[in-house]
Amino acid sequence: MRLVVEGGLVIDPSSRLEEARDVVIEDGKVVALATPGEVRVADQRLDARGRWVLPGLVDMHVHLREPGEEHKETVASGTHAAAAGGVTTVACMANTIPVNDNAAVTDYILRKAKSEGLVNVLPIGAVTRGLKGEELADLGELAEAGCIAYSDDGQPVMNSRLARNALEYARSFERLVISHCEDRNLTRGGAMNEGDLSVKLGLGGMPSVAEDVMVARDIALGAYTGARIHIAHLSTAGAVEMVRRAKRSGVQVTAEATPHHFTLTEEAVGDYDTHAKMNPPLRSRRDREALLAGLADGTIDAIATDHAPHDATCKHIEFGLAAFGVVGLETVLPLTLDLVRKGVLSRTRAVELLGLGASRALGIAKGTLAVGADADLAIVDPDLEWVFQVDRMRSKSRNSPFTGYKLRGRAVTTVVSGRVVHDTARTQAREG
Amino acid sequence: MPERATSPRPPTSQESLDFAIGEHHAPLLGKHLLGLEGLSREQIQGVLDVARRMKDVSERPVKKVPTLRGKTVVCLFHEASTRTRSSFEIAAKRLSADTINVGGSGSSTTKGETLLDTALNLEAMRPDAIVVRHSESGACNFLARQVECPVINAGDGAHEHPSQGLLDLFTMQERLGSLEGLKVAIVGDLLHSRVVRSNLYGLRALGAEVHLCGPGTLISPWFESYGARLHRRIEPAIEGADVIMMLRIQRERQGTSTIPSLREYERFFGLSPARVGLAKPDVIIMHPGPMNRGVEISPEVADGPYSVILDQVTNGVAVRMALLYLLVARGSDAPRG
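Rules used throughout
Residues numbered from 1 in each chain as written. Chains lettered and ligands numbered in written order. Predicted model: local features only at pLDDT ≥ 70, side-chain atom pairs only at ≥ 80, totals over all residues. Heavy atoms only, no water. Contact = heavy atoms within 4.5 Å. Buried area = accessible area lost by both parts, 1.4 Å probe. Salt bridge = Lys/Arg side-chain N within 4 Å of Asp/Glu carboxyl O. Polar contact = N/O pair within 3.5 Å; in protein donor to acceptor, adjacent residues only side chain to side chain. Nonpolar A, V, L, I, M, F, W, Y, C, P; charged D, E, K, R; others polar. Domains from an automatic or database assignment. Helix = DSSP H or I, 4+ residues; strand = E, 2+ residues; numbered from the N terminus. Buried < 20%, exposed > 50% of the residue type's maximum accessible area, 1.4 Å probe, protein only. Pairing = 2+ DSSP bridges. Right-handed = clockwise from strand over helix to strand, strands pointing away.

Attention now moves to the interface of chain A and chain B. With 13 residues of chain A at the contact, the number on the chain B side is 22 residues. Roughly 1500 Å² is buried in total at the junction of chain A and chain B, and carbon and sulfur atoms are behind 55% of that figure. Here chain A is connected to chain B by two salt bridges. Its salt-bridge partner being Asp 271 of chain A, residue Arg 145 of chain B comes within 3.0 Å of it at the nearest N-O pair. Here chain A is connected to chain B by nine residue pairs in polar contact (both at pLDDT 80 or more). Considering only residue class, the side of chain A that touches chain B consists of six nonpolar, three polar and four charged.

Shown next, in the form of structure tokens:
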């Protein structure tokens, strides 16, 4: 079975390639990047002329909610949303019910992914049992069961001794520890970024320094132990600067940023809009600018969505009581392409941030279209204008701050291991 | 609605109010009253002028006018309140509206019903206004987007308490005349106070000079961006003041990292008779209640000659009558936007 993706502009940051090529795929692998028109024989052809062909996006920070909160998202609906957004690999966080802190849960997720998933699903195991921050989970067992990394995301490991031990212990299994940096004592009772707007609205503030002090701690622990550490969803100027300096001095730290943090500021909370409530919260304009600089200069390794589906019961209520989190899989690509159009990122750098960066941090062979790589790719129409509408969302949940936004750029076809998992032409025919 | 068209034409609320309290030309407030933020000087003065006439009604032997006859006002109080709740209820009754109180305990809230569902159910009974008190900031803004009838904020979290702000302004004007250039000091837990926010908007709109004071853990530089002067000690804040307003310090804050003890709070931020001496000789002392006697305010000051604390309560009824009149009677005559 030979699939040829024809005539598109192939952008592959792993080889710095940015040229029109035919991507030749056999048995789920890339076997050649041929000069357009060179390949005569094919079982299936995908016309990519006038479009970009990118390595499939890798989103290293996703909440699939299964098991336990299937009314918000499932492996099936979440991977459907991913495929529609051009995302071919998702790493899913451990805060399911029950928590993914043992092999049985990991196994369940992987079986669901195999039977119902449209894209690659890589479970992330808990750092501590029950995400309680009290004792280490069985990290070896989790690795063996198929967890790609460890994180207590949403629950920072406040105990520094435990955080240190997690870093030391995880090295035996060559797995990354991902840290949600937040000093819970500083954010207690908070609902949005602390600043003029939180005081005006009378909402509890989550100060940027709550992130800064934990990023400082984790970098110090990383430097002291020599272990690799990944900082989830950077949102403050202070944290970006600390990661920049740590990298320069040789600390093995990587970091990610979300589209909502690099696109919006706390102003989006407006008149108590719960779709602008997430953790870390949307920050100031200055913080957002620091993120953009960090994305451009390599301080930030990856764009990750922190896709966090919530139903209306959790969101259509008083702001202070509403759940934290927004969905992001279906909007990450156009929001990142915005940065290319605005001159913040080069095309190659943007594509690197959308796949290769996360793959390197996680130690997986994704985010590349090099010969021999898995044939995970997205055919993108970079100029397609579309409106992100509630009734067209693939995710089970609707909690996006970008609903109604006019977006530019979209994955028209998504391929995982040589198999088409999303195609707008087909979808539109069905929807039409 | 068709059934209304068949009944004999009742006097318009404008006519019945004119009958009761004479003519006025207060500018419209908008459909809801969620806060004093953004209201113009004219809008605020308009409410205060109507309130002055409403106060006359409360001084009569028969304290009732037919202005809101046939109207229903629901008071939805999701947080404990004595003053504000009875004040709104009395205000509505003096205007001949039918009132109903729905509270947190004893209502469906204790059975897990959401605020929105409660409000939608109440609205389905066709009230003419819902007065809402809630512990969450923005709860009234949220409801105002969901329901059709006017929503009146009776205090939401740490956000706003507009009727309190207006009654404070009314009391100050009654005692001191124009507020232009007057020094008004507000002392206490600024960060968690909805009263200070509403007062700040109102006082700035009417041209007063606002001095705010509290311990460093309970203040924010934000207040300066709205034209207030911030102080970390009480003395400079109240020195030469025309008005001193003390805010309630919540007892729960004691022993947290915000204030070490109520005793220490009283010593450094409480209003004692000696401290009153720093203000203007004819200063007025205010407190939105409920008071912690012996904490933020000493009993001598609270009951002393400068205190207008009970006048605030009296005026609260007049101000709330004015609000109900402007939002319910006038609001229903005006086309709904």
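On we go from here.
All right, on to the domain arrangement of chain A then. Residue and element names in this part refer to chain A. Looking at chain A, the domain boundaries give domain 1 (2-53 + 373-396 + 408-431) and domain 2 (56-362). One C-alpha centre belongs to domain 1, the other to domain 2, and the line joining them spans 27 Å. Listed per partner, the contact involves 28 residues of domain 1 and 33 residues of domain 2. Between domain 1 and domain 2, a total of about 2500 Å² is buried, with carbon and sulfur atoms accounting for 61% of that surface. For the pair domain 1 and domain 2, the interface holds one salt bridge. Between Arg 347 and Glu 18 there is a salt bridge, with its nearest N and O atoms 2.7 Å apart. One can count 12 residue pairs in polar contact (both at pLDDT 80 or more) joining domain 1 with domain 2. Elements with a contribution of two residues or more to the side of domain 1 that touches domain 2: β1 (2-12), β16 (377-387), β17 (406-416) and β18 (419-423). The element contributing the most residues to the side of domain 1 that touches domain 2 is β17, with seven residues. Its residues assigned to classes, the side of domain 1 that touches domain 2 comprises 15 nonpolar, five polar and eight charged.

Let's shift gears to helix α1 (residues 75-84) of chain A. Residue and element names in this part refer to chain A. The element α1 is extensively covered by neighbouring structure, given that eight of its 10 residues are classed as buried. Those residues of α1 that fall on the buried side of the exposure criterion are Val 75, Ser 77, Gly 78, Thr 79, Ala 81, Ala 82, Ala 83 and Ala 84. Gly 86 lies just past α1 and shows a positive phi near 85°.

Moving on, we come to the side chain of Ser 193 of chain B. Residue and element names in this part refer to chain B. You can see Ser 193 is positioned in the loop between β5 (183-187) and α8 (194-205). Owing to a relative accessible area of 10%, Ser 193 belongs among the buried residues under this scheme. Of note is the side chain of Ser 193, whose polar atom sits 3.0 Å from the backbone nitrogen of Val 196. Not counting residues within four places of it along the chain, the set of residues in contact with Ser 193 comprises Ala 158 and Leu 247.

So, on to the pairing of strand β8 (residues 120-125) of chain A. Residues and elements named next belong to chain A. Burial runs high along β8: six of the six residues are buried. The alternating pattern of β8 places Asn 120, Leu 122 and Ile 124 on one face and Val 121, Pro 123 and Gly 125 on the opposite face, and all of these are buried. By the bridge criterion, four bridges tie strand β7 (residues 87-92) to β8 in an arrangement that is parallel. Bridge pairing links Val 90 to Val 121 in β8. The handedness of the β8 to strand β9 (residues 149-151) crossover, carried by helix α3 (residues 139-145), is right-handed.

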